[in-house]
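So the chains spell out like this:
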Amino acid sequence: MSRVATPHSVVLIEDDTVLGESLVQRLTLEGIATFWARTAHEGEALLRRQRPTLIVCDIRLPDGNGEALLTRLMPELGGTPIIVVTAYGDVAQAVRLLRAGADDYVEKPFSAQLLIDKLAAYAGWAAPAPPAADMAGWSSPAMRTLRRHLLKLGLVDTTVLLGGESGAGKEVAARALHDNGSRAAGPFVAINCAAIPAELLESQIFGHERGAFTGAMERQTGLAEHAAGGTLFLDEVAELGPAPQAKLLRLLQERRFTRLGGREELPLQARIVAATNADLRERVAEGRFREDLFYRLAVVELTVPPLRERPEDLGALAAHFLRHFASAFGQEEPQLSAPSFDAMLAHPWPGNVRELRNRIERAMVLAEGTRLEAADLFPESQAQEAPPLSLAEARDAAEREHIRRVLARAGSRVGEAAQLLGVSRTTLWERMRRLGIKG
Ligand SMILES: Nc1ncnc2c1ncn2[C@@H]1O[C@H](COP(=O)(O)OP(=O)(O)OP(=O)(O)O)[C@@H](O)[C@H]1O
């Protein structure tokens, strides 16, 4: 049986420039694609983008420790072999990492040949697994910050409330929190509080005993029990009626619950994450949502920003969905024409990432060629007749839209908006003048 040679790649996380450069040079000469990150932060970004054949990671890095980075990322790395680089004589640390899941270690100094030999040994392993989470495009500053917060929160059990418009990716964020946290090995159980009739909701969450109500023929465990050791995600939590709100409050306060019709008190062993696209404070003010429950849920409140506020993510998200549907439909991955990307930049995306996903899916089903045109993505806007925006016009449109939103968020205070945008006040005034935005 003939073996087909597969191209190999290495992610090297190493801050020593001399060592890094010589390894990259030698590995590249061997035909091994080598991606070099000089800090833990860069390394994490690389590993979130690709799965190499082998990961080589130094333990001491300028912005943190490779051990913490690897331990956190290991659940997502799908068994990709990891070699850790330790200082000469620091075998204790190497042993700790081997126990935690690393596959091998090398002590500094080591030769490139040693690494090449090890790579050859590991290359026979199973094909690297794709990234676990079905997510993409978290590269904008806002989403990078969100990711950082989620990673930190993954290590504790604090209740988290995720806000943001419909389709922005709140459930995706909740999954990222779960998948990257200490409960990743446990279940992620999601329930959409708006989709289940009120009379069934309580029994769905808390379970019921036999005979608890007409039709309850058997005891049934609820989702709070199913999520033990993992995360219970309550989506659209604003839609809960008064009775389930009271029960949920008790669950959060006492971390105990009883099945419907039951007496036995059961401990809550799941972490609670809730999401809403409604303004919960407004609901509290209107008397439609319990204030005490709101504060219990919103111990940490995070917002998933709408897609129109993060145009930087559009390219990666679109590429992700093109790849996804090409594979699902068994067809070649189409290209996006330049005008279609311009049109995407100019579109306000009221349905957020879900709308982008739907538009790409529909366009891929209906488009004629292997290239998606603006008219395929936005058939309703007769885009084919409009002259395409130039790149500069598209950038201006996106910038204008973004500045307007940030200004609105800052209550029209230019100084505050400038700070949020990371530019000086003068630069913002100048940009506003050029783009015709009134202060
Ligand atoms: N970063 C992402 N990568 C890939 N798919 C994404 C991403 N963000 C969102 N999606 C997809 O967009 C759709 C909407 O995402 P999600 O369900 O997380 O949004 P939501 O904010 O929870 O929406 P709703 O408020 O309507 O429940 C889903 O199909 C999801 O898979």
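Small disclaimer: the values here were computed from a predicted structure and weren't measured.

Undergrad: I'm lost on the overall build of the protein chain in this one. Help?
TA: From N to C terminus, the protein chain includes 19 helices and 18 strands. In the protein chain, buried positions account for 34% of the 439 residues. Restricting the contact set of the protein chain to residue pairs at least 6 apart, pairs at least 24 apart contribute 70%.

Undergrad: I tried to follow the UniProt feature "modified residue: 4-aspartylphosphate" (unreviewed entry) in the protein chain on my own but got confused; where do I start?
TA: Mapped onto the present numbering, the UniProt feature "modified residue: 4-aspartylphosphate" (unreviewed entry) falls on Asp 58. Looking at where Asp 58 falls in the secondary structure, it is placed in strand β3 (residues 54-58). Judged by C-beta crowding, with 23 C-beta atoms within 10 Å, Asp 58 ranks as buried. If we ignore the near neighbours within four places in the chain, the residues touching Asp 58 are Ile 13, Glu 14, Asp 15, Gly 66 and Val 85.

Undergrad: In this structure, what is going on with the sheet that holds strand β6 (residues 82-86)? I would like to understand it.
TA: In sheet architecture, strand pairing relies on hydrogen bonds along the backbone and comes in two forms, parallel and antiparallel. Reading across from one edge, β2-β1-β3-β6-β7 is the order of the five strands in this open sheet, with parallel pairing throughout. Two strands lie at the open edges of the sheet, namely β2 (33-37) and β7 (104-107), each paired on one side alone. Taken pair by pair, the neighbouring strands of this sheet meet at an average axis angle of 20 degrees, ignoring direction. Where helix α4 (residues 91-100) meets the sheet, it contacts β6 and β7, and its direction lies at approximately 165 degrees from that of β6.

Undergrad: For this particular structure, what's the right way to read the pairing of β3?
TA: Put simply, side chains in a regular strand alternate between the two faces of the sheet. Of all five residues in β3, five are buried; the element is thus mostly enclosed. Where burial is concerned, the two faces of β3 agree: the one with Leu 54, Val 56 and Asp 58 and the one with Ile 55 and Cys 57 are both buried. Where strand β1 (residues 9-13) meets β3, four bridges bridge the pair, whose relative direction is parallel. When the bridges of β3 are listed, Leu 12 appears paired with Val 56.

Undergrad: I'm lost on the sheet that holds strand β16 (residues 300-303) in this one. Help?
TA: The five strands lie next to each other as β9-β12-β15-β8-β16, forming an open sheet whose pairing is parallel. What marks the edges here is a single partner per strand, and that holds for β9 (188-192) and β16. Sheet twist, expressed as the average angle between the axes of neighbouring strands with direction ignored, equals 20 degrees. Looking at chain direction, strand β8 (residues 160-163) and β16 are connected through four bridges and run parallel. Its bridge partner lying in β16, Leu 161 is registered against Glu 301. Sheet contacts for helix α7 (residues 170-179): β8, β9, β12 (231-235) and β15 (271-276); angle to β15, the most-contacted strand, approximately 160 degrees.

Undergrad: It is not clear to me how the environment of Leu 153 should be interpreted in this structure. Could you clarify?
TA: Within the fold, Leu 153 resides in helix α6 (residues 141-153). When the 20 C-beta atoms within 10 Å are taken as the criterion, Leu 153 is described as buried. Taking the C-alpha atoms as reference points, Leu 153 and Val 300, 147 residues apart in sequence, are found 9.0 Å from one another. Once residues lying within four places of it in the same chain are set aside, the contact partners of Leu 153 are Thr 158, Val 160, Leu 177 and Val 300.

Undergrad: Explanation requested: the packing of helix α18 (residues 414-421) against helix α19 (residues 425-435) in the structure shown.
TA: In a packed pair of helices, the relevant descriptors are the angle between the two axes and the axis-to-axis distance. The interhelical angle for the contact between α18 and α19, taken along N-to-C directions, is 100 degrees, at an axis separation of 9 Å. Relative to α19, the element α18 is oriented roughly perpendicular. Within the contact between the two elements, α18 uses Val 414, Gly 415, Ala 417, Ala 418 and Leu 421 and α19 uses Arg 425, Leu 428 and Trp 429. Looking at the contact of α18 with α19 residue by residue, the class counts come to six nonpolar, one polar and one charged.

Undergrad: When you look at unusual backbone geometry in this model, what are you seeing that I'm missing?
TA: Most peptide bonds adopt trans geometry, and most residues besides glycine take a negative phi value. A cis geometry characterises the amide bond from Lys 108 onward to Pro 109, with omega recorded as -5 degrees. Structurally, Pro 109 is set in the loop between β7 and α5 (112-122). Here the phi dihedral of Glu 236 falls at roughly 55 degrees; this positive angle occurs in a residue that is not glycine. Structurally, the position occupied by Glu 236 is in the loop between β12 and α10 (242-254). Despite not being glycine, Asn 352 shows a phi value in the positive range, around 60 degrees. By C-beta crowding, Asn 352 is classed as buried, having 21 other C-beta atoms within 10 Å.

Undergrad: In this structure, what is going on with the confidence of the model for the protein chain? I would like to understand it.
TA: Predicted confidence across the protein chain gives a mean pLDDT of 85, with 94% of residues reaching 70 or more. A low-confidence stretch, residues 125-133 stays under pLDDT 50, and its non-local contacts, those more than four residues away or across chains, total 19 contacts. Interface predicted TM-score (ipTM) for the complex: 0.98; the corresponding pTM is 0.61.

Undergrad: It is not clear to me how the pairing of β8 should be interpreted in this structure. Could you clarify?
TA: The side-chain alternation of β8 yields two buried faces, one formed by Val 160 and Leu 162 and the other by Leu 161 and Gly 163. As judged from the four bridges shared by β8 and β15, these two strands associate in the parallel manner. Pairing of Gly 163 across the sheet is with Thr 276, part of β15.

Undergrad: Honestly, the environment of Ala 120 in this entry has me stumped. Any pointers?
TA: Looking at the element boundaries, Ala 120 is found in helix α5. Exposure remark for Ala 120: the 11 C-beta atoms within 10 Å place this residue in the exposed category. Along the sequence, Ala 120 and Leu 54 sit 66 residues apart, while their C-alpha atoms lie 10.0 Å from each other.

Rules and cut-offs
- Residues numbered from 1 in each chain as written.
- Predicted model: local features only at pLDDT ≥ 70, side-chain atom pairs only at ≥ 80, totals over all residues.
- Helix = DSSP H or I, 4+ residues; strand = E, 2+ residues; numbered from the N terminus.
- Buried ≥ 20, exposed ≤ 12 C-beta atoms within 10 Å, placed from the backbone.
- Contact = placed C-beta atoms within 7 Å.
- UniProt positions renumbered as here; feature names shortened; annotations may be inferred.
- Pairing = 2+ DSSP bridges.
- Axes fitted to C-alpha atoms, helices over the stretch in contact; angles between N-to-C directions.
- Parallel < 35°, antiparallel > 145°, perpendicular 65-115°, else oblique.
- Nonpolar A, V, L, I, M, F, W, Y, C, P; charged D, E, K, R; others polar.
- pLDDT = per-residue confidence, 0-100.

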